[in-house]
Each structure stands twice: as C-alpha cells, then as structure tokens.
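# Fold and geometry: a report
Given next are the chains, with one letter for each unit.
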Amino acid sequence: MSHWSFLKTDLNEKQDLFIDCRSQAQYQESTLKGAYYFPFVKKAFASDPDSSKKLLGPIEEILAIAKKEEKSRILVFDEGMGMFASRLVFLLRCAGFQNAFLIGQRWPVDGAKEKGSKELDIGPSSKVRKLEGVIDKAFLEKNLTRLQIFDTRTPEEYDGKLPRLTAPEPGSLCGRLPGAFLWDWRMLYDANGELVDKTFFNKKLRGFPFMPERTTVIYDYNGARSSLLAMMLKEVGYNDVNVYVGSWFEWRKSNLPKQAANIYGQTGAGASAPRVGGVDRKS
C-alpha cells in the first residue's frame, strides 16, 4: 500500500498526544497510555453559531492540552483509520494544527495500554471562528450550481432509500444534495480494511467529471464520513476541498432543493439510480 502522509505508525509517548475515537466502553476497557476521549467527535453539528461554538470548544481544548503537555504531534485512532478519527484529524488541521495524524494501524495499536480515564466533554467556545475547509449551509446555498460535490454515504442513502446508515427512523426524509456524485466511503478501504493506495484512488477519481482547481464540497449524514475523502483529495492535488459540516442531517430539514427525495417507511416510486463516475447507471 502506498502510504498517505496523514498516516503515522511511529508512536512516541513523549511527543505525541493520543486521542481515542472508539466507543466509550472500549476506551474505558483499554486504550493507549495517556490517551484522551472526546465524545463530541461523534455528534452532528449544524451551521448556526451555537453549533459552531459547540464544535470549536473541544478542538480548542485539545490544542490547549497539546500545548500544556508540550506535545508536538496529535495522533488519533479508532478501530482502524475510520470516520471519527479521520474527522478529528481533519478538524484539527482546519484549525491550523497540521501535525495531526491518523494512526495507521488497526486496533489493537502497538504501544503501552491502560484503562481509559481521561474523558472530557468540553463546553462550547466563547466565540465563532472560521475553520479553513469547513463550510456551512449558507455557502452551499449561495454557490450550489458552481460546486463539484461528493456524497460519501452509501448507495442506499444516496438513492433516497435510507435517511442514514445506522438506526434509520421511519418518517425521516431521504435524498441527496442536487448535483452530488456518489463515492461510497467504504470504497476508500481495501478488503483488509486498509486505505486504498494512491494509484487505485487516482484511477477511481478520474472516473468523475471533476477538476482539481475547482471548489469541491463533500458531505454525508453528519460530516464524519466526508473527512477521510477530503484529506485524500488534498494529498493528490485538489486545491480547494471543503466538508459541509451540517451535511444531510441539516440539509434535509431546510427548504433548499433536494434530489431523490423520499420519506423513509412510506411506499412509493423508487428514486433515481446513483450517478457514479459521471454516468447514470440503472440498477
């Protein structure tokens, strides 16, 4: 596998601040020595100022801990380079801390272990500030027809059959953002659960009618699955890559345009087939 620069396998307790993004129960049972647990990374956030402050508060706390403990790197992990660890690394980089990385090993990660005891549920920031690479609903609404958009959910979600991947609720609105192209986030991994190499990734990327110089927006249900693709696109030369933090969680509640709209749990006509690589493929 070609190594991505945002993956690190060399761990150093003296220089690294570890953050565990697995479940709370897994963290409490066993984690890397000194690792912290921040539950905010698994929550959904919208575009309003209060949501932005709730997102920023824990990020600011993580950066403050790294400074206080004199850590030069922040290494984040979950079960295996997954959505929540990727989300946190991406957000830390958007906040200006570029020495944030995913641990490029599947759990159990090599290193000293202990029971997790550093669980921090931090309150909101005192003010709103822009995170580079994170966009809101207003930006999307203003620029929708000028953007190239990736949807990193599953085909069932993209096709309007499920509102979200886990615990879908009857009565929830399914669908997608207009003009979005599907890139199922699970396809970023190989059969062994490792990230695909850059050659394979670039080959798949050429199947989309996208250009590296254009503004690219990525979304999913709550902004978590998008972050890995965002980092990969940046590494292969895409210049302006953004994650829509509100994602379908927020967009579905708005009066803004939607495609493949359907109410989960109700019978009716099927949604259109996913657009994959610029081609409408019938199932």
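Residues numbered from 1 in each chain as written. Predicted model: local features only at pLDDT ≥ 70, side-chain atom pairs only at ≥ 80, totals over all residues. Heavy atoms only, no water.

As a further point, take empty space enclosed by the protein. What the rule picks out here adds up to one cavity of 30 Å³ or more. There is about 60 Å³ of room inside the largest cavity. Lining the largest cavity, in full, are L55, R87, F90, L91, V134, G223, S227, V243 and V245. Examining the composition of the lining of the largest cavity, we find that three residues originate from one element, helix α3 (residues 83-94), more than from any other. Each of domain 1 (7-114) and domain 2 (134-264) gives at least three residues to the lining of the largest cavity. (1 Å grid on protein atoms, 1.4 Å probe; cavity = no way out; pocket = protein on both sides within 12 Å on 5 of 7 lines; lining within 4 Å. Points joined across faces, edges and corners; volume = space filled by probe spheres on them. Helix = DSSP H or I, 4+ residues; strand = E, 2+ residues; numbered from the N terminus. Domains from an automatic or database assignment.)

Pairing is parallel in the open sheet, where five strands are placed in the order β1-β6-β5-β2-β4. Only two strands of the sheet have a single neighbouring strand rather than two, namely β1 (7-8) and β4 (36-37). For β1 and strand β6 (residues 100-103), the ladder comprises two bridges, and the chain directions are parallel. Each residue of the ladder has a partner; that of L7, found in β6, is L102. Its contacts with the sheet place α3 against β2 (16-20), β5 (73-77) and β6, and it is angled at close to 165° to β6. (Pairing = 2+ DSSP bridges. Contact = heavy atoms within 4.5 Å. Axes fitted to C-alpha atoms, helices over the stretch in contact; angles between N-to-C directions.)

Taken as a whole, the chain shows an average pLDDT of 93; of its residues, 93% reach a score of 70 or greater. Note that pLDDT drops below 50 for residues 277-283; the model gives that stretch 14 contacts with residues more than four away or on any other chain. (pLDDT = per-residue confidence, 0-100.)

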